[in-house]
Amino acid sequence: MTTTKKPPASRRRTAKPASVPPSCGTCAGTGETTTTVRVGRKRREIGATQTALCPDCFGTGTA
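Because the structure is a prediction, the values reported are computed rather than measured. The residue count restarts for each chain, going from 1 along the sequence in the order it is written. pLDDT decides what is reported in this predicted model: residues at 70 or higher carry local features, side-chain atom pairs at 80 or more are listed and counted, and totals for whole chains, interfaces and linings draw on all residues regardless. Heavy atoms from the whole structure form the basis of all side-chain values; hydrogens and water molecules are not counted.

A few points about the overall build of the chain
- Numbering of helices and strands starts at the N terminus; helices are DSSP runs of H or I of at least 4 residues and strands are runs of E of at least 2. Summing up its helical and strand segments, the chain has 0 helices and 2 strands in all.
- Each of the three principal axes of the chain carries a C-alpha extent, and together these read 100 × 15 × 10 Å.
- Relative accessibility under 20% of the residue-type maximum defines a buried residue, over 50% an exposed one, and the middle range a partly exposed one, all with a 1.4 Å probe and only protein chains included. Considering the chain as a whole, with its 63 residues, one finds that 11% of them fall into the buried category.
- Within the chain, counting contacts between residues at least 6 apart in sequence, those at least 24 apart form 40% of the total.
- Exposure was quantified through the Shrake-Rupley algorithm and a 1.4 Å probe, taking into account, for residues, occlusion by the shown protein chains and nothing else. Accessible surface computed for the chain: about 6300 Å², of which carbon and sulfur atoms make up 54%. Two residues qualify as a contact provided that any one of their heavy atoms is within 4.5 Å of a heavy atom in the partner residue.

Shown next, in the form of structure tokens:
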């Protein structure tokens, strides 16, 4: 009577932690930047600011 061998049990591996992408240096991870509003031919600055998407990360906040 021959005995059949069982295949070896596979080893369990621990799950690797998800890597966090580095935050964007331009917007500090918020995804938005602020610029001052300029008006007129001489492009003088007024007291207002406007927000826009970060040009480096396109609003994701990661580099």
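Side note on the state of the cysteines
- The disulfide definition used here is simple: a pair of cysteine sulfur atoms within 2.5 Å. Evaluated as defined, the whole model comprises 0 disulfides.
- Not part of a disulfide, Cys 27 finds its nearest cysteine sulfur in Cys 57, a span of 3.7 Å.
- With relative accessibility at 7%, the residue Cys 27 sits in the buried group.
- Cys 57 takes part in no disulfide bond, and the closest cysteine sulfur, belonging to Cys 54, lies 3.7 Å away.
- Judged by relative accessible area, which is 6%, Cys 57 ranks as buried.

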